Structures are given as C-alpha cells and as structure tokens.
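Here is how the chains run, residue by residue.
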Amino acid sequence: MLGKFFNITVIILALIMCCSTLSYAKSQVKGDPELLWLSPVGDSDIEDNSYYRCLIARLVKPGRGQATTATQNKYDVLTNYVSNLYAQSLKISAYIEAEKTDTSSSGDVSNEIAILEKEIVQRMADISRRLNIINSFEAGIVMLDALDELDKLPEDTYSSFRALSGGRYEYVEDCEVLK
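The rules behind these values
Residues numbered from 1 in each chain as written. Predicted model: local features only at pLDDT ≥ 70, side-chain atom pairs only at ≥ 80, totals over all residues. Heavy atoms only, no water. Helix = DSSP H or I, 4+ residues; strand = E, 2+ residues; numbered from the N terminus. Buried < 20%, exposed > 50% of the residue type's maximum accessible area, 1.4 Å probe, protein only. Areas by Shrake-Rupley, 256 points an atom, 1.4 Å probe, with all protein chains shown as cover. Expected span 1.5 Å × (residues − 1). Contact = heavy atoms within 4.5 Å. Axes fitted to C-alpha atoms, helices over the stretch in contact; angles between N-to-C directions. Parallel < 35°, antiparallel > 145°, perpendicular 65-115°, else oblique. Left-handed = near helix turned anticlockwise from the far one by under 90°. Nonpolar A, V, L, I, M, F, W, Y, C, P; charged D, E, K, R; others polar. Phe/Tyr/Trp six-rings, centres within 6.5 Å; stacked < 30°, edge-to-face > 60°. Pairing = 2+ DSSP bridges. Polar contact = N/O pair within 3.5 Å; in protein donor to acceptor, adjacent residues only side chain to side chain. Disulfide = S-S within 2.5 Å.

1. Details of the overall build of the chain
And then number 1: Check the secondary structure of the chain and you find four helices and two strands.
And then number 2: By residue count, 25% of the 179 residues in the chain fall in the buried class.
And then number 3: Accessible surface, the chain as shown: approximately 12700 Å² in total, 59% of it carbon and sulfur.

The following block contains the structure:
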C-alpha cells in the first residue's frame, strides 16, 4: 500500500514538474495522441456509470438472434479504434526515429542554474511526457482487450440488468432505467 502511494506521489510530482517547466523549455519528445477517442455509443461526454456501461454492452452484445448486428457493431467499433491505435503507433515510431537523429546542442551548461534549467528540468519534462504517451497507448490497448473480452461472452449475457427501480432491485432490459 505504501509502495503504491509512493509511486502515485512520484508520478504526480513529475507531472507537476512537467507542467511548470513548459515555460522554460520546449520538449523534444513528440507523439502526444492527436485523436480524441469518442465513445462507441456516439456520446462524446460520457461518465463511468451503469447507464453507459449498459449502452456499450448492448452495442457489442445486442442479444440473441441479432448476430448480424453484433458482428457489424463489433467491426465498426474495433476497426475504428484499431486503426487509430495503429496510426498513433506509426507516428510515435517516426517521432522516436527523428529524436535519435536530432543533434541539437544543449545550450549553456557553464553554471549550476543553466544545468538545472536546461538539462535536468528538460529531461524530467521529456520523461514525464513520454510516460503520458505510453499511458495513453496502453489505455487504448486495454480498452480494445476489454471490448474483445466482452465480445467473447455468450449472446444473452447482457439481456437484462439489475437496477434499483421503485425502491427495490429488479432485472430490467432497458438501459434508460439505469439513468
């Protein structure tokens, strides 16, 4: 528990340093995600609640007897996300190759403040930015894996949901009850 707290604290401090150093130096690291991954249910502003989870489950698993719809929905969602992830990986690879060939000078490192501002702070900002890029990439992969696991479930897995309705829990078929 203490190790997780320490890791989270270090990451937060690195992010704060990155944000505060953007005015000092421009990072050489490129590859931030340029595409906004929208929800497969068509809503751009979703929350992590049972209503949106129901909509996503119904999109991937519409129910028994709707295999064509399920296949089409899965194809639409996964091809969109996989192509975005693939394009992002190609861009990151190109940026990394460009960073390897970049031979820009590091500037004046004759005194302690210049070394601190130009070298240490800049490298910490680059590390923080690279970690953000990696986290974004990993989040996309995890999301694709979760959708694939959802697709592997039986057809009628999400035919009904347990919801609080009228003061008691009932099994309902309509996602609107979960709002």
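From this point, things continue past the structure.
2. Topic: helix H3 (residues 67-101)
And then number 1: Its 35 residues give H3 an end-to-end C-alpha distance of 50 Å, which sits within 8% of 51 Å, the value for a rise of 1.5 Å per residue.
And then number 2: Here H3 has its buried residues at Ala 70, Asn 73, Val 77, Leu 78, Tyr 81, Asn 84, Leu 85, Gln 88 and Ile 92.
And then number 3: Considering only its buried residues, H3 is in contact with helix H2 (50-60) and helix H4 (112-152).

3. Description of the environment of Arg 58
And then number 1: Mapped onto the secondary structure, Arg 58 falls in helix H2.
And then number 2: For Arg 58, a relative accessible area of 21% puts it in the partly exposed group.
And then number 3: Each C-alpha atom of the pair Arg 58 and Ser 159 lies 8.1 Å from the other, and the pair is 101 residues apart in sequence.
And then number 4: Apart from the residues lying within four places of it in its own chain, the contact partners of Arg 58 are Tyr 158, Ser 159, Ser 160, Phe 161, Glu 173 and Cys 175.

4. Some words on the packing of H2 against H4
And then number 1: Orientation of H2 relative to H4, taken along the N-to-C sense of each, is 60°, at an axis distance of 9 Å. The angle between H2 and H4 places the two elements in the oblique class. Where H2 crosses over H4, the handedness of that crossing is right-handed. The residues of H4 that touch H2, namely those facing Ile 56, Ala 57 and Val 60, are Leu 147, Leu 150 and Asp 151.
And then number 2: Tallied by class, the residues present in the contact of H2 with H4 amount to five nonpolar, no polar and one charged.

5. Let's talk about the packing of aromatic side chains
And then number 1: Summed over all chains, the structure comprises two aromatic pairs.
And then number 2: The interplanar angle of 70° and the centroid separation of 5.1 Å between the aromatic rings of Tyr 51 and Tyr 52 together place this pair among those described as edge-to-face.

6. Regarding the pairing of strand S2 (residues 168-172)
And then number 1: The sheet contact formed by strand S1 (residues 161-165) and S2 spans five bridges and is antiparallel. Bridge assignment links Arg 162 to a residue of S2, and that residue is Tyr 171.
And then number 2: Remark: two residues form the turn of the hairpin made by S1 and S2, two consecutive strands paired antiparallel; Gly 166 in that turn has positive phi of roughly 65°.

7. Describing H2
And then number 1: Among all positions of H2, only Tyr 51, Tyr 52, Cys 54, Ala 57, Leu 59 and Val 60 are buried.
And then number 2: Buried residues belonging to H2 abut H3, H4 and S1.
And then number 3: Between the side-chain oxygen at the start of H2 and the backbone nitrogen of Tyr 51 there is a gap of 3.2 Å, and the oxygen is on Asn 49.

8. A few points about the state of the cysteines
And then number 1: Inspection of the entire model under this criterion finds one disulfide.
And then number 2: Covalently, Cys 54 is tied to Cys 175 through a disulfide, its sulfur atoms 1.8 Å apart. A torsion of -70° about the S-S bond marks the disulfide between Cys 54 and Cys 175 as left-handed. With Cys 54 in helix H2 and Cys 175 in the segment after S2, this pair connects stretches of sequence that are 121 residues apart.
And then number 3: We classify Cys 54 as buried; its relative accessible area is 1%.

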